[in-house]
Amino acid sequence: MRNLFAFLYRYHVFFVFIFMEVFSLGIIIQNNYYHASQFSTSSNQISGEILKRFKNSVEYFSLSKTNEALAEENAKLKNKLLENNMQEYIPAGMNKYMSAKIIKNSYNKRNNYLTINKGSLHGIEKGMGVIVENSIVGIVSHVSLHFASVMSILNKKAVISTKFLKSNHFGSLMWDGKSHDFAQLYSIEKHVDVSIGDSLITNGYSNIFPEGIKVGTVNRFEEDETENFYFIEVNLNLDYSNLDYVYVIQNPLKNERTKLEKKQDE
């Protein structure tokens, strides 16, 4: 307290000066229409700018809830399209979509995984496909009650069955562990017509992804002199370093198909 009084006593002249300036300014504004209007305009601009910044801050912190609501709405719309048989590749009633938020993501390791905020409590199961809009993200690998781990397409263990959009020639897409922008397509024979820019989509041969989901485009290709196949580099359709919300594909007929195909191998 003694230090406070000492401080006020030391600078009392300065404080008196400030007080008199403010008091004088108030008198001028009160008794002069022009200065009053100018002050009113300036104060309104300042207060408006403060309110604008405050509103922007509130809106920024509410974006997370807004994005989540939009993702849920998009999932509902996708399911509605399926029910009305309006989607080009997927038959009505075949698949359902569930939105989920990515809470952890890696893309620059040898084997990359993502974590989403939905688990078995929400109906997520191991082996389900994960997409964003109409592009492949990965495959559910492990599930807990409230969370799930997704093996990214940028994983050397991941194998995606794909085909050319312009034909039924298909192959296996795998990642060599190098650039997160490119993957490699195997098992395409040399007699197949391949061009740079050709689009690749899922072929629906697996129980994971339905037919028609975008994978990428041919970036370059070479003929292997010792084999009867091309080496094809694919420019992936998605930026895996910039993901937020995804959709998990639920196929109600998956178990039926799996049991049938297992009997063929007996």
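To be clear, the structure that these remarks concern was listed above.
Residues numbered from 1 in each chain as written. Predicted model: local features only at pLDDT ≥ 70, side-chain atom pairs only at ≥ 80, totals over all residues. Heavy atoms only, no water.

**Q** How would you explain the pairing of strand S4 (residues 135-143) if you had to name every residue and give the values?
**A** Among the nine residues of S4, seven are classified as buried, and the element is accordingly described as predominantly covered. When strand S3 (residues 129-132) meets S4, the two strands line up antiparallel, connected through four bridges. Residue pairing for S4: glycine 129 is matched across the bridge by isoleucine 139. The hairpin turn running from S3 into S4, its antiparallel successor, is two residues long, and glutamate 133 in that turn takes a positive phi close to 55°. Where S4 meets strand S5 (residues 148-155), five bridges bridge the pair, whose relative direction is antiparallel. Bridging from a neighbouring strand, valine 140 pairs with valine 150 of S5. Counted along the chain from S4 to the antiparallel partner S5, the turn is four residues long. (Buried < 20%, exposed > 50% of the residue type's maximum accessible area, 1.4 Å probe, protein only. Helix = DSSP H or I, 4+ residues; strand = E, 2+ residues; numbered from the N terminus. Pairing = 2+ DSSP bridges.)

**Q** Pulling in residues and values, what's your account of the pattern of salt bridges?
**A** Overall, the coordinates contain seven salt bridges when judged by the stated rule. One salt bridge in this structure joins aspartate 198 and lysine 166, with 2.9 Å as the shortest N-O distance. With aspartate 198 in the loop between strand S8 (182-186) and strand S9 (199-202) and lysine 166 in the loop between strand S6 (160-164) and strand S7 (170-174), this residue pair connects regions lying 32 residues apart in the sequence. Residue aspartate 198 is classed as buried on the basis of its relative accessible area, which comes to 12%. Glutamate 222 is the partner of arginine 220 in a salt bridge, and the nearest nitrogen-oxygen pair spans 2.9 Å. If you follow the salt bridges from partner to partner, you end up with Lys166, Asp193 and Asp198 in one network. (Salt bridge = Lys/Arg side-chain N within 4 Å of Asp/Glu carboxyl O.)

**Q** Go over the packing of aromatic side chains, please, and point to the residues and values.
**A** Per the stated rule, a full pass over the model turns up two aromatic pairs. Arranged with centres 5.0 Å apart and planes meeting at 75°, the rings of phenylalanine 170 and tyrosine 205 form a pair that is edge-to-face. Within this pair, whereas phenylalanine 170 is found in strand S7, its partner tyrosine 205 is found in the loop between S9 and strand S10 (214-223), the two being separated by 35 residues in sequence. Phenylalanine 170 gets classed as partly exposed once you look at its relative accessible area, which sits at 42%. (Phe/Tyr/Trp six-rings, centres within 6.5 Å; stacked < 30°, edge-to-face > 60°.)

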